[in-house]
Amino acid sequence: MGQYCGQGQLEKKPLLFYFNMMKCASPMVLLEFQCPTPQVCVEKCPDRTMTLVTAVGKIESEDWGYYKSYCRADPGTKSVPQILQEKLCPAYLISSKPFLQRCFPSLGKKGEVITVGDQETFNDGDKIRDAKDLVAGMKNATIVMEGRQVAMKIFEDYTKSWYWILICLLIAVVVSLIFIVLLRYLAGIMVWVMIVMVIAVFAYGIVHCSIKYVNLKDTPGANITLQQLGFQPDFSVYLHIRQTWLAFIIILAILEVIIIIVLIFLRNRIRIAVELMKEASRAVGYVMSSLFYPIFTFFLLTIVIAYWGVTAVFLSTSSEPVYKVFNETVCPHARETCIPENFTLSNMKRDCPRSECLFAFYGGETPYHKYLIFLQFYNVFLFFWCANFVTALGQMTLAGAFASYYWAPNKPNDMPAFPLCASLGRSLRYHTGSLAFGSLILAIVQIIRVLLEYIDHKLKGAENKFAKFLLCCLKCCFWCLEKFIKFMNRNTYIMVAIYGKNFCRSARDAFFLLMRNVIRVVVLDKVTDFILFLGKLLIVGLVGIFAFFFFSGHTDAFKGAAPSLHYYWVPILTVLVGSYLIAHGFFSVYAMCVDTLFLCFCEDLERNDGSATRPYYMTTELHDILMKDTDAAQTPTSRDMAMQLAALDKTMEN
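Since the model is a prediction, treat every value here as computed from it, not as a measurement.

Enquirer: How should the overall build of the protein be read in this particular structure?
Expert: Helix and strand counts for the protein come out as 21 helices and 13 strands. Among the 654 residues that make up the protein, the fraction classed as buried is 42%. Working note: accessible area of the protein is about 35,300 Å², and carbon and sulfur atoms make up 65% of it.

Right, dumping it as structure tokens:
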């Protein structure tokens, strides 16, 4: 009835009592998160063991009055079959003890035999059962109870800390803006500062975890393994285990070593990437409104997600509750659809007296319900298409704005008055078809991946090794295909923004241009992406360290202000994820600027030769450092390949 024991009208009844604990042993309990038996709130758990038949036989005695206190309603003078049929009272009472606001049977042991109320058996109103039969029901009821309590505690933590989470996310916004502004004026210094600080943050994490690991050395119970501990609803228990901190040390150390090794190999290329970052900083400085464009993209994505979510909910809730026949013994009607209102008078009940009509799932057996899964897949496909369209619109808009900076002969005087608005207008007016077509290709690949995941989920219990291998290969191939299409779409939109050609022709031009400059793509563009990724990690690390000290209460300065939480990792994880998304939104503008300038640079080299009649549009500093490095890195073989690709491109144009 949507009520809680111990609250409101039930304030004096704080304990939950299950009519039939045996029903909790059903596997459906873990699927539906509910024991299929009536439950009532009581003042105290029963301390006697008796059956309904016994209590009704002593209707004038004190036992009947005691028994009625555990009924849903006063049965009056109704017979035992009527009471059980209407589920007014439990068929039996078992001596129980309160545990976490629930009444659980008082189980004990006599040697190796499980007992309840000092007895090895009990009467469930129908037959004599062993006390051990209650164990499975208690175990499932405990899982349900713990799962709900964890969910409630997490929700309660959010209600207590949501405004502090918003403050931390606001700090992430401020830090990201500071980094962007500093990159505008101190690109070279900031790149090296980011690299050093990322290494320092990871090093601090390793030192902090090592201190925790050493301090738990002599703590009782800290040396047990995670496997021995098993699943615990109170996740703070894991922080008292040495193996948890050892795992953190290993993970952070591996990441630290990987970053250091990559930096050692890229030390000569970082200098080149810094020049590209400086040029990108100048471009962003002339188009400052581009820093806030991700907010517009986020707003459009919110609309797309909301539309998808509402449609998915309407489709899901258009189903009807389906009830199936459940029986503990062999029954010819097992798992057949039934109607609970008249089940007791049906032939199914007559053929299987011990069967029950229980809720199975939401669905239906009409043609409409059979096609609901296809409608859901269609809704997911539309979501992918619209989300990719919004993302593509943002990429093309930014590419057009930064391209107008690069191709301006006299920067910034020859740039449009409002380059971002002008680029957005061009994208929507002239290139909507290209955006929709590129998004459609990507959405088709993504929906195929979803279908493969769905098939993999359905075939989880299959033993066919070849089918599993084939499915794994398909998933890997389509993952790679999706990444390739995303990369090509991004560069295609840049070419569309520069020349205004259609999607297919721009995709071909972008592909051959990248292949003719494959050395530069690997050496410069990807190194810059790696540096920007380190910047995101740094922002997440700084905000995450602040959130850890604030919410964990390990620092005296924050003990009075920090809210009292069940799981302090809940707001910390939320802040980490939110900070990364915020940093990604700001740095994605830089990444798009770098990609646009890089592609414009490659195109500039092929269209112009630096003479008076065909001067370069790039700055002198960018030309000197990019040409010097790439000429040294480009081997004769790669030059030959570039010439062959150029010839092939000319042939295709003819």
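Enquirer: Quick question: what am I supposed to make of helix H17 (residues 503-516) here?
Expert: Think of an α-helix as turning once every 3.6 residues; residues three or four places apart then point the same way. Compared with an ideal rise of 1.5 Å per residue, which puts 14 residues at 20 Å, H17 spans 20 Å between its outermost C-alpha atoms and is within 8% of the ideal. Residues Phe 503, Ser 506, Ala 507, Asp 509, Ala 510, Phe 512, Leu 513, Leu 514 and Arg 516 constitute the buried set of H17. For H17, the N-terminal capping position is held by Asn 502, with its side-chain oxygen 3.3 Å away from the main-chain nitrogen of Cys 504.

Enquirer: Sorry if this is basic, but what is going on with the pattern of salt bridges here?
Expert: Close approach of charged atoms lets side chains of opposite charge pair. Across all of its chains, the model carries eight salt bridges by this definition. Between Arg 449 and Glu 482 there is a salt bridge, with its nearest N and O atoms 2.5 Å apart. With Arg 449 in helix H15 (residues 432-458) and Glu 482 in helix H16 (residues 465-499), this residue pair connects regions lying 33 residues apart in the sequence. Here Glu 482 ties to Lys 486 by a salt bridge, and the two come within 3.5 Å at their closest N and O atoms. Here the residue Glu 482 and the residue Lys 486 both occupy positions in helix H16, the gap between them amounting to four residues, near one helical turn. We classify Lys 486 as partly exposed; its relative accessible area is 36%.

Enquirer: Before we go on, may I ask you to explain the state of the cysteines in this structure?
Expert: Defined simply, a disulfide is a covalent bond joining two cysteines at their sulfur atoms. As enumerated under the stated definition, the model contains four disulfides in all. The disulfide partner of Cys 71 is Cys 89, and the gap between their sulfur atoms is 2.0 Å. Between Cys 71 and Cys 89, the S-S dihedral sits near 110°, and the bridge is therefore right-handed. On the criterion of sequence distance, the pair formed by Cys 71 in the loop between helix H3 (62-68) and helix H4 (80-85) and Cys 89 in the loop between H4 and strand S4 (92-93) is long-range, its members being 18 residues apart. Each sulfur in the disulfide pair Cys 338 and Cys 357 lies 2.1 Å from the other. Between Cys 338 and Cys 357, the S-S torsion sits near 100°, and that sign places the bridge as right-handed. Taken together, the positions of Cys 338 in strand S12 (residues 337-338) and Cys 357 in strand S13 (residues 356-363) put the pair 19 residues apart, joining distant regions of the chain. Classification of Cys 357 by relative accessible area gives buried; the value is 14%. We note that Cys 600 lacks a disulfide partner, and the nearest cysteine sulfur, in Cys 602, lies 9.4 Å from it. Judged by relative accessible area, Cys 600 falls into the buried class, the value being 0%.

Enquirer: Sorry, what's going on with the UniProt feature "transmembrane region" (unreviewed entry) in the protein here?
Expert: Within the UniProt annotation, "transmembrane region" (unreviewed entry) is assigned to residues 162-183, 189-207, 245-266, 286-310, 380-408, 530-553 and 565-583. For the annotated span residues 286-310, helix accounts for 76% and strand for 0% of the residues, and the straight-line distance between the end C-alpha atoms is 40 Å. The annotated region residues 565-583 carries 79% helix and 0% strand content, and the separation between its end C-alpha atoms amounts to 27 Å.

Enquirer: I keep staring at the pairing of strand S6 (residues 102-105) and nothing clicks. Help me out?
Expert: Successive residues of a regular strand alternate their side chains across the two faces of the sheet. Every second residue of S6 is oriented toward a common face, with Arg 102 and Phe 104 on one face and Cys 103 and Pro 105 on the other, all of them buried. Looking at chain direction, strand S5 (residues 96-99) and S6 are connected through four bridges and run antiparallel. Along S6, the bridge assignment pairs Phe 99 with Arg 102.

Enquirer: Please clarify how the nonpolar core should be interpreted in this entry.
Expert: Grouped burial of nonpolar side chains is what soluble globular proteins tend to show. Counting residues in hydrophobic clusters, the biggest one holds 93 residues, and the most contacted among them are Phe 179, Val 191, Ile 270, Phe 402, Phe 551 and Tyr 590. Top element by residues in this core is helix H19 (residues 569-607). It accounts for 19 residues. Excluding its chain neighbours within four sequence positions, the residues that come into contact with Ile 270 are Val 191, Trp 192, Ile 195, Leu 263, Val 527 and Ile 531. Counting 20 residues, the second-largest nonpolar core is a separate cluster that includes Leu 15, Phe 17, Met 50 and Cys 71.

Enquirer: Would you mind going over helix H13 (residues 372-406) with me for this structure?
Expert: With 35 residues, H13 extends 51 Å between its outermost C-alpha atoms, agreeing within 8% with the 51 Å of an ideal straight helix rising 1.5 Å per residue. Among the 35 residues that make up H13, 25 are buried, leaving the element largely enclosed by the rest of the structure.

Each value, and the rule that gives it
- Residues numbered from 1 in each chain as written.
- Predicted model: local features only at pLDDT ≥ 70, side-chain atom pairs only at ≥ 80, totals over all residues.
- Heavy atoms only, no water.
- Helix = DSSP H or I, 4+ residues; strand = E, 2+ residues; numbered from the N terminus.
- Buried < 20%, exposed > 50% of the residue type's maximum accessible area, 1.4 Å probe, protein only.
- Areas by Shrake-Rupley, 256 points an atom, 1.4 Å probe, with all protein chains shown as cover.
- Expected span 1.5 Å × (residues − 1).
- Polar contact = N/O pair within 3.5 Å; in protein donor to acceptor, adjacent residues only side chain to side chain.
- Salt bridge = Lys/Arg side-chain N within 4 Å of Asp/Glu carboxyl O.
- Disulfide = S-S within 2.5 Å.
- UniProt positions renumbered as here; feature names shortened; annotations may be inferred.
- Pairing = 2+ DSSP bridges.
- Core = buried A, V, L, I, M, F, W, Y, C linked by side-chain atoms within 4.5 Å.
- Contact = heavy atoms within 4.5 Å.

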